[in-house]
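The residues making up each chain are set out below.
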Amino acid sequence: MIVTVAITGASGAIYAQRFLNHLAAEPKVARIQLVVSGAGLRVLHEELPEAQLTASNLVERLVGEGREKFEILANNDVGASIASGSFPVDAMVAIPCSMGTLGSIAHGVSRDLIQRAADVMLKERRKLILVIRDTPFSLIHLENMRLLTLAGATVFPAIPSFYHRPGSIEEAVDQFLYRVMAHLGLRPSKAYEWRGSKGK
Ligand SMILES: Cc1cc2nc3c(=O)[nH]c(=O)nc-3n(C[C@H](O)[C@H](O)[C@H](O)COP(=O)(O)O)c2cc1C
């Protein structure tokens, strides 16, 4: 699989960091095209200050194994491979996805590579997953989600579950990410499966 990952300026650097590592560890994933918006980099700085991230050292600082699978693309390079439907991307995940990027994709604005690549996924009827984060939602946010759902995207709010009783933030985040990965046809062995309530 070739997967595009976009990191935009919503809170949730931990989702992005752990997702990149889970994806890189998947044998079915051959290549990861990574794009980070300017605001995305700023939020990464705020939430992972110790990593001292720059646009070029992201993979080296955030990813353990599987770094060779990554290609980093500049968000202002609207002529990059993923800007064209002729380039065979299997799926795109924006994680975390800001309300700004959500709105731009919903309205076909395509002003940067992330927005254009997402627009391409929709026009080519390919898988587009938007791991949105904000709270509460305005009517504009909700309408944009409705529009994108109708256009074929999957709106995947960054809302972890607790019925599997996570013992740490990392575990809660990982089980959420495994749900995202299931939508890519990937089934990590540690993914929790609900088998019904015991003792009822
Ligand atoms: C620390 C920080 C946290 C933010 N968190 C969110 C958020 O959770 N959701 C959101 O939609 N925007 C959030 N924003 C605002 C976006 O970064 C801003 O709207 C930006 O223009 C989005 O640009 P992008 O979509 O190109 O990344 C945050 C900004 C900062 C600096």
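Above this text is the structure in question.
Cut-off values and rules
- Residues numbered from 1 in each chain as written.
- Predicted model: local features only at pLDDT ≥ 70, side-chain atom pairs only at ≥ 80, totals over all residues.
- Heavy atoms only, no water.
- Buried < 20%, exposed > 50% of the residue type's maximum accessible area, 1.4 Å probe, protein only.
- Helix = DSSP H or I, 4+ residues; strand = E, 2+ residues; numbered from the N terminus.
- Arc of directions from axis to C-beta.
- Contact = heavy atoms within 4.5 Å.
- Polar contact = N/O pair within 3.5 Å; in protein donor to acceptor, adjacent residues only side chain to side chain.
- Axes fitted to C-alpha atoms, helices over the stretch in contact; angles between N-to-C directions.
- Parallel < 35°, antiparallel > 145°, perpendicular 65-115°, else oblique.
- Left-handed = near helix turned anticlockwise from the far one by under 90°.
- Nonpolar A, V, L, I, M, F, W, Y, C, P; charged D, E, K, R; others polar.
- Pairing = 2+ DSSP bridges.

Visitor: I'm lost on helix H2 (residues 38–47) in this one. Help?
Guide: Spacing of three or four residues puts side chains on the same side of an α-helix, whose turn is 3.6 residues. What H2 keeps buried is the set Gly40, Leu41, Val43 and Leu44. Projected down its long axis, H2 shows its buried positions confined to an angular sector of 160 degrees, all on one face. Turned more than 90 degrees from where H2 packs its buried face, Gly38, Arg42 and Glu46 sit exposed. The inward-facing, buried residues of H2 contact strand E1 (2–7), helix H1 (13–24), strand E2 (31–36) and helix H3 (58–62).

Visitor: Is there a simple way to think about the environment of aspartate 90 in this case?
Guide: Tracing the backbone shows aspartate 90 in the loop between strand E3 (70–73) and strand E4 (91–97). Classification of aspartate 90 as partly exposed rests on a relative accessible area of 41%. When neighbours within four sequence positions are excluded, aspartate 90 is seen to be in contact with Met1, Ile2, Met121, Arg126 and Lys127. Of note is the side chain of aspartate 90, whose polar atom sits 2.7 Å from the backbone nitrogen of isoleucine 2.

Visitor: What should I look at first to understand unusual backbone geometry in this one?
Guide: Negative phi characterises most residues that are not glycine, and trans characterises most peptide bonds. Cis geometry marks the peptide bond from isoleucine 95 to proline 96, where omega comes out at -10 degrees. Looking at the element boundaries, proline 96 is found in strand E4. Cis peptide bonds are those with omega within 30 degrees of zero, and the linkage from threonine 135 to proline 136 qualifies with -10 degrees. Positionally, proline 136 belongs in the loop between strand E5 (127–132) and helix H6 (139–150). One non-glycine residue, arginine 125, lies in the positive phi region at around 55 degrees. Along the chain, the position of arginine 125 falls in the loop between helix H5 (113–123) and E5. Under the relative-accessibility criterion, arginine 125 is labelled exposed at 70%. The phi dihedral of arginine 165 is positive, around 55 degrees, even though this residue is not glycine. Secondary-structure assignment places arginine 165 in the loop between strand E6 (154–155) and helix H7 (169–182). Judged by its relative accessible area of 74%, arginine 165 is exposed.

Visitor: Would you take a moment to explain the packing of H1 against H7 for this structure?
Guide: Geometrically, a packed helix pair is captured by the angle between its two axes and the distance between the axes. Where H1 contacts H7, the two axes come as close as 10 Å, and the packing angle between them is 60 degrees. Between H1 and H7, the interaxial angle falls into the category oblique. Viewed along their axes, H1 and H7 form a crossing whose handedness is right-handed. Each of Ile14, Tyr15, Arg18, Phe19, His22 and Leu23 in H1 lies in contact with H7, whose residues at this interface are Ile169, Glu170, Val173, Asp174, Phe176, Leu177, Tyr178, Val180 and Met181. Of the residues in the contact of H1 with H7, the class split is 11 nonpolar, one polar and three charged.

Visitor: Help me out: how do you make sense of the sheet that holds E1 in this one?
Guide: Sheet strands pair by backbone hydrogen bonding; their relative direction is either parallel or antiparallel. Taken in spatial order, the six strands line up as E3-E2-E1-E4-E5-E6 in an open sheet, and their pairing is parallel. Where the open sheet ends on each side, the last strands, each with one partner, are E3 and E6. Against the sheet, helix H4 (residues 99–106) touches E4 and E5, its axis set at about 150 degrees to E5.

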